[in-house]
Each structure stands twice: as C-alpha cells, then as structure tokens.
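If you want the building blocks of each chain, they are given just below.
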Amino acid sequence: MSAADPLFAYLAVLAVIQPGRVQDIERFAPEVLPPKTSEAFLASGAFREAHEFARQHAYIFPVRKGTYFLTSKGRELVRRDGLHKEIDNLRLFLMKAQRKKYK
C-alpha cells in the first residue's frame, strides 16, 4: 500500500469493516493500517476528503443515512495483488473479536 494514497487506505479499511461510517473508518484505521499511516491520515483529515472523493466517483454507495458500502468499482481498486486474502482474514478476525465482545 502506498502511504501517500488516502483513497486506497480509506477503501481498504471500509472493505474490512463494511458497511461503515466515516467515524468507523477513523476508529478502525489503526487496527487495519500501519500505525504511522493511520495517524497521519487521521491528523490531516484525509479520510474525510477520501470519503467525499469516493462518494463523488461512485466507489461507495449509501445503504443507510451516513453508512456506506463499496461498489464493484471500489472493490476492484482494493482487491488486487493478493490483498483480497488479507482483507478477508482481517474481516474474519474482526468479526470474531466483535462476537466475543457481545457475549
């Protein structure tokens, strides 16, 4: 992943947690991305800018007010170079952790 690409980082985090809100992406970014990358994007507000760009260019679509899901165009951007396996593993571990928390 390129450290200079907030759109890719935004879409990658959304791919792991979807459906999600911008606040959810900001909350889960440190768990999915390298710490320095997520800190830099959070401090600069790059995730919110990437969210607006993704909405305008149809990388995401709303499923409820304020909650978004990746479109096929957004999925294509993120699921490349074997990254789809890592995203699926992260989703699995996140779901397991959430299940334990709710028991």
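Shown above is the structure to which this text applies.
Residues numbered from 1 in each chain as written. Predicted model: local features only at pLDDT ≥ 70, side-chain atom pairs only at ≥ 80, totals over all residues. Heavy atoms only, no water.

Participant: Can you walk me through the overall build of the protein in this structure?
Facilitator: Across its full length, the protein carries six helices and two strands. Put simply, the protein runs from its N terminus to its C terminus through helices and strands in the order α-α-α-α-β-β-α-α. Going through the 103 residues of the protein one by one, you find that 38% of them count as buried. Excluding contacts between residues fewer than 6 apart, the proportion of contacts in the protein whose partners are at least 24 apart in sequence is 55%. Of the roughly 6,500 Å² of accessible surface on the protein, 54% is carried by carbon and sulfur atoms. (Helix = DSSP H or I, 4+ residues; strand = E, 2+ residues; numbered from the N terminus. Buried < 20%, exposed > 50% of the residue type's maximum accessible area, 1.4 Å probe, protein only. Contact = heavy atoms within 4.5 Å. Areas by Shrake-Rupley, 256 points an atom, 1.4 Å probe, with all protein chains shown as cover.)

Participant: Got a minute to help me understand the packing of aromatic side chains in this structure?
Facilitator: Counted according to the given criterion, the structure contains three aromatic pairs. A centroid spacing of 6.4 Å and a plane angle of 25° characterise the contact between phenylalanine 53 and tyrosine 59, whose relative ring orientation is stacked. Phenylalanine 53 gets classed as partly exposed once you look at its relative accessible area, which sits at 37%. A ring pair is formed by phenylalanine 61 and phenylalanine 69, whose centres lie 6.1 Å apart and whose planes are at 55°; its orientation type is tilted. (Phe/Tyr/Trp six-rings, centres within 6.5 Å; stacked < 30°, edge-to-face > 60°.)

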